[in-house]
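# Chains, contacts and geometry: an overview
The residues making up each chain are set out below.
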Amino acid sequence: MKKTKLGEFEELVLLTVATLQGDAYGVEIKRELESRLKERLSVGSIQSALKRMEDKGFLTSQFGEPTQKRGGKRKRIYATTSHGRRVLEEMRDIRASLWKAMPNLAQSLNVV
Amino acid sequence: MEPRLLHPPKWPLKFLRFFLKTDYLEEIEGDMEEIFRENAERFSVRKANRLYTWEMIKLLRPNLVRNLELLQTMNELPMFSNYFKVSIRGLMKNPLNSFINIFGLSAAIGICVFAYAFTRWTYSTDQFHEHKQEVYLVTFFANRDGAAQQFGRTPRPLGEMLRNDLAHIKKVCRVEDRNVVMKYEDNVFHERVRYTDPEFLEMFTFPLKWGTSKSLADVNSIILSEDMSVKYFGEANPVGLDIQVVFGKGRSKSFKISGVAKEFPKARTISFDFLINLENLRTSEPGYDMHDWNAFVDATFIEIDQPSDLKDIEQGMDKYKKLQNEAVQQDWALSSFGFEPLATLHERSEYIRDDISRSSSSNYKTIMFMVIIAIFILALACFNYINIAIATAAKRLKEIGVRKSIGATRRVVIVQFLTENIVVTCFALIFGLFLGYAFFIPGFEGLWHFSMGFTLNDPALWIYLPAVLLLTSLASGIYPAFYISRFQVVGILKGSVKFGQKNPLTRIFLGMQLALGCIFITIATTFTQNNSYMATRSWGYNQAETLYANVPDHDAYEELNALLSRDPDVISVSGSTHHLGKSHTTAVLHFPEREYEVDQLSVDANYFETMGLHLTQGRVFNPHEGSDKQAVIVNELLVKNLAWESAIGQHFSIDSVQYEVVGVVKDFHSYSFAKPLRPTIFRVTDRNEYRYLSLRVRPGTEIKTLKEVQAKWIQLFPEIPFEGGLQEDTWTGYFESMRIFDIVWLVFSFIAVSLASLGLYGLITLNVAGRVKEFSVRKVLGAGTRDIALNITRQYLVLLTVALLIGAPAGYLITKSLFDFAFPYHIPVNLFSASGAVVILVLILLLTVYSQIRRISKSNPVNGLKVE
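Here the structure is a predicted model, which is why all the values come from computation and not from measurement.

In this section: the overall build of chain A. From N to C terminus, chain A includes four helices and two strands. Starting at the N terminus and walking to the C terminus, you meet the elements of chain A as α-α-α-β-β-α. The contacts in chain A between residues at least 6 apart in sequence include a share of 47% that link residues at least 24 apart.

Below you can see the structure in the form of structure tokens.
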């Protein structure tokens, strides 16, 4: 686990990138996450998470098309790497197994 | 709006381009622009701009910003962090030295913070008025005793005439203060009411908490200060309630409360308790004549549009000067009118007589003292730092040698030492700010019962503090840094350089510290001595067995007198218009060849006996009603100043009436010892002008009689609160302030002396530690404790002697000029006053040396010789 260290917020961003597929660029990721989390996020927080995960090799990116809306600047479209997907699955499995273990634990605590 | 036309604000973008990593720029810029357009459509453009800027600021994250990379590639950063580490280690290694340095510097910085707070408070006095540059006080100049003086009062008709005649003048307000009795249900108090024109609240910035300021135009309205509102009504809103104002016997009026002012700023001299319309003077004083050039109002303010208009107005004043001078007696003729801007009125109030904003004008002098003291104490702390830095440098020679040999230039070493110094000063600054904020300022405020309104979120403070930091670090750090960095590497590493033990400058600094300590102790001890001296100083009359009470008029006096004269404890009763320590008036004496201004008290024949004034020549007034109308009794000072050989029978005129001197009394202090004696005359008062009743009682019965008088007062005048008391209690405030001066100086001298003695202790300890080997050799060769003690003491005794030879006379001279400057009457200051300081300093030196000698005499010389 240690090698694939993934923060809570990073995990959310990574999941969003995976969900959005080819549409995953900064503003879209922000919009999607904001609507799901129901809170405002800053560009800075999203961008720094993206850059960190790119450095760790969870994400790759390439430039998209420039648009008028962006003052003629290109988007950067993000995509998950296979390593990134694996880490996400790993996280999900760890969580799932923990959830599975919980009721039993709670019961045994109650008995004592 | 067409979104295409919109562009995000420019400067955040520039900022972004400067800070962001270039690789990320295109993407993030695009993102930001897209969001900006979206926001501009959803909200207003202004909000979008704001959000855009805010987002930009939030983009400053370590992994997005490029300049951090740049920083990391510079080797200054690790270098400075190494300096920092070395300084912290140095501090931990020598806890005693660090304590001396940090304690000293923080005490000094604490005093600097305090001085800052006080200065800011004083200079911000009355500066909160929006129109302070356009509002002026009307003053006039007149000749008294051959010297032109400025007066803050104004002839009564002037305000109204200025308002009507001069177009440049936008607003005029006159101010008149009177004592009244205020009644609301069971709350009955003596109060001071300010009569004024409705413009008052427009010219001065006193926002209201409740009610409207326009209501002052109504003669039946009254506006309260917040304090008064709380005093009478608690936290409730009193607007709309009625309050009864008793102007005098049989004259009262009910006012409707129409406003309550917000809490006044702390630094102010002009404010009010109660405000009512000036027109009410017609009701409260039927004899009040607004058109009488012979009488004055307490103050008249004007407001003009342009300060440049003032010249025109000044030129137009000649007309009024003529009017005034035609109407009044020649002695009151004025030479010209003047205008004082509100912005500088408080600063100048010391020089304007009867000025409305007079209060604590000596504060400006106090600031000067405080700055001098802060500099002295800062100097003491810096000397400590310098001395200890030089003395400990010997231990750090190797470090400097190594640094230099691996390439550090002299400049780099200097920077290193200055960095260490800044670290120490930073710590001191934090503690000092804490000391000032938590001890010095609240302590001082507590002593004087006032508040300076000092807060940490004052932007000027955060300019001042770094300035103090820089100044202190440079003052204390420059010399050691240059001194230590001077030495050659080869010399250091070979061990041939030895220094820090006999630096002449170290001695000079230590000597200066001791001399400064001596000065501070001298001042403080003289203050203490002076206080006990003043407590026993004669007032020139008998204060101990006398009581006084304010009476509203002659009838009240008679009623009270009738009751009191039956009391067996009462020896004598007298009535007067003025009273010692309470009130007086001034008069101008006319001689054929000169004019002379004096204080005047109108009293009855019994007054001299009652108050215990000593008659040295002539007689007192004749007790028969109507006699001695043209007789005066003078004090000795007047006789001396006019160089009369024989006072009795001298003539002069006051307001064209001829008077003759019939008696002379010994000089007496009319007011506290803080005020110089004044030439004074006594005249016979008219019965109908009685305002005070004074009593002489049998010794020991003062308190009992006072209680009886109060009880009788309540029976006679249930409507009027009692005002009066023991004559001695008139001065409690004065003695209290003297006590406070004493405490303040004791604190200063305590700090100064502890700094000097800590410095001495630190230096001697280091010196002895550096000579352990030498002392061990001496001991082995047979030197006794006495020889070693002499050896150490001799070195410092010379220094101390020189310091005291300079410090004691300097302390004497400074104390003398300080006392002459601050007090008209004080204990004679002589060289003996400094002797206490000398004794204390010698004792401190001996104790310090003794503690070190004990350590050496107990140590085993073998251990000392084994050292390296």
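Within chain B, the regular secondary structure consists of 28 helices and 25 strands. Per-residue burial over chain B gives 37% buried out of 868 residues. Contacts in chain B between residues at least 24 apart in sequence constitute 82% of all its contacts with a sequence separation of at least 6.

Further remarks concern the pairing of strand β10 (residues 274-277) of chain B. Residue and element names in this part refer to chain B. Pairing of strand β5 (residues 187-196) with β10, which is carried by four bridges, proceeds in the parallel orientation. Across the sheet, Thr-196 pairs through a bridge with Asn-277, a residue of β10. When strand β7 (residues 221-224) meets β10, the two strands line up antiparallel, connected through three bridges. Of the residues in β10, the one forming a bridge with Ile-222 is Ile-276.

In this complex, chain A contributes 17 residues to the contact, which on the side of chain B involves 19 residues. Where the side of chain A that touches chain B is concerned, the elements lending two or more residues are α2 (26-37), α3 (43-56) and β2 (74-80) of chain A.

Positioned with a positive phi, Gln-21 of chain A is a non-glycine residue whose angle comes to about 55°. Residue placement: Gln-21 of chain A occurs in the loop between α1 (8-20) and α2. Within the chain, Asp-655 of chain B stands out as a residue other than glycine whose phi angle is a positive 50°. Take Asp-655 of chain B: it is sitting in the loop between β21 (651-654) and β22 (657-665).

With that settled, consider the packing of helix α26 (residues 785-822) of chain B against helix α27 (residues 835-858) of chain B. Residue and element names in this part refer to chain B. The contact between α26 and α27 brings their axes to 10 Å, and the two run at 160°. It follows from the interaxial angle that α26 and α27 lie roughly antiparallel. Seen along the crossing, α26 lies across α27 with a hand that is right-handed. Residue-level contacts link Thr-785, Ile-788, Ala-789, Ile-792, Thr-793, Tyr-796, Leu-800, Leu-804, Ala-808 and Gly-811 of α26 to Ala-837, Val-838, Leu-841, Val-842, Leu-845, Val-849, Gln-852, Ile-853, Ile-856 and Ser-857 of α27.

Here we take up the packing of helix α6 (residues 95-123) of chain B against helix α17 (residues 461-485) of chain B. All names here are of chain B. Where α6 meets α17, the axes come as close as 11 Å, and the angle between the chain directions of the two elements is 145°. Here α6 runs over α17; the crossing is right-handed. Contact residues: α6 offers Leu-105, Ile-109, Cys-112 and Tyr-116, while α17 offers Leu-461, Tyr-464, Val-468 and Thr-472. Residue classes in the contact of α6 with α17 are distributed as seven nonpolar, one polar and no charged.

Moving on, we come to the environment of Val-415 of chain B. Residues and elements named next belong to chain B. With respect to the helices, strands and loops of the structure, Val-415 is situated in helix α16 (residues 410-448). Here Val-415 falls in the partly exposed class, since 18 other C-beta atoms lie within 10 Å of it. For the pair formed by Val-415 and Phe-482, sequence separation is 67 residues and the distance between their alpha carbons is 9.7 Å.

All names here are of chain B. One can find Val-697 in strand β24 (residues 692-697). Note: C-alpha distance between Val-697 and Leu-547 (150 residues apart in sequence) is 7.9 Å. Leave out the neighbours within four places in its chain, and Val-697 touches Glu-545, Leu-547, Asp-569, Val-570, Ile-571, Glu-702 and Thr-705.

Here we come to the nonpolar core. Within soluble globular proteins, side chains that are nonpolar tend to cluster in buried spots. Residues and elements named next belong to chain B. Ranked by size, the top nonpolar core spans 90 residues in total, and within it Ile-111, Cys-112, Ile-377, Ala-381, Cys-518 and Ala-752 carry the most contacts. For this core, the secondary-structure elements that each account for two or more residues are α6, α14 (363-393), α16, α17, α19 (504-536), α24 (732-770), α26 and α27. Counting residues domain by domain, this core receives three or more from each of domain 2 (78-123 + 361-497) and domain 4 (501-538 + 730-868). Those residues in contact with Ala-381 that lie beyond four places of it in its chain are Gly-104, Leu-105, Ala-107, Ala-108 and Leu-755. Membership of the second largest hydrophobic core comes to 51 residues, among which are Ile-257, Leu-278, Ala-299 and Phe-337.

Attention now moves to helix α3 (residues 45-58) of chain B. With 14 residues, α3 of chain B extends 20 Å from end C-alpha to end C-alpha; this agrees with the ideal 20 Å at 1.5 Å per step. Those residues of α3 of chain B lying buried are Ala-48, Tyr-52, Glu-55 and Met-56 of chain B. Viewed end-on, α3 of chain B has its buried residues packed into an arc of 105°, placing them on one side of the element. With respect to the buried face of α3 of chain B, the exposed residues turned more than 90 degrees away are Arg-46, Lys-47, Trp-54 and Ile-57 of chain B. Taken together, the buried residues of α3 of chain B touch α3 of chain A together with α1 (10-19) and α2 (22-42) of chain B.

Here we come to helix α7 (residues 158-165) of chain B. All names here are of chain B. Every buried residue belonging to α7 is among Leu-158, Gly-159 and Leu-162, and all of these are buried. Looking straight down α7, one finds that the buried residues subtend no more than 100° of arc, so they occupy a single side. Residues of α7 that are exposed and point over 90 degrees away from its buried face: Asn-164 and Asp-165.

As a further point, take the pairing of strand β12 (residues 299-304) of chain B. Residue and element names in this part refer to chain B. For β12, a buried count of five out of six residues is recorded, marking the element as mostly surrounded by other parts of the structure. In this sheet, β12 lies alongside strand β4 (residues 169-184) in antiparallel orientation, the contact comprising six bridges. Residue pairing in the sheet places Ile-169 in a bridge with Ile-304 of β12.

As a further point, take the confidence of the model for chain B. Low pLDDT marks stretches whose predicted atomic positions should not be read closely. Averaged over all residues, the pLDDT of chain B equals 84, while 96% of them reach at least 70. Of the two predicted TM-score estimates for the complex, the pTM is 0.68 and the ipTM is 0.82.

Procedures and definitions
Residues numbered from 1 in each chain as written. Chains lettered and ligands numbered in written order. Predicted model: local features only at pLDDT ≥ 70, side-chain atom pairs only at ≥ 80, totals over all residues. Helix = DSSP H or I, 4+ residues; strand = E, 2+ residues; numbered from the N terminus. Contact = placed C-beta atoms within 7 Å. Buried ≥ 20, exposed ≤ 12 C-beta atoms within 10 Å, placed from the backbone. Pairing = 2+ DSSP bridges. Axes fitted to C-alpha atoms, helices over the stretch in contact; angles between N-to-C directions. Parallel < 35°, antiparallel > 145°, perpendicular 65-115°, else oblique. Left-handed = near helix turned anticlockwise from the far one by under 90°. Nonpolar A, V, L, I, M, F, W, Y, C, P; charged D, E, K, R; others polar. Core = buried A, V, L, I, M, F, W, Y, C linked by C-beta atoms within 7 Å. Domains from an automatic or database assignment. Expected span 1.5 Å × (residues − 1). Arc of directions from axis to C-beta. pLDDT = per-residue confidence, 0-100.

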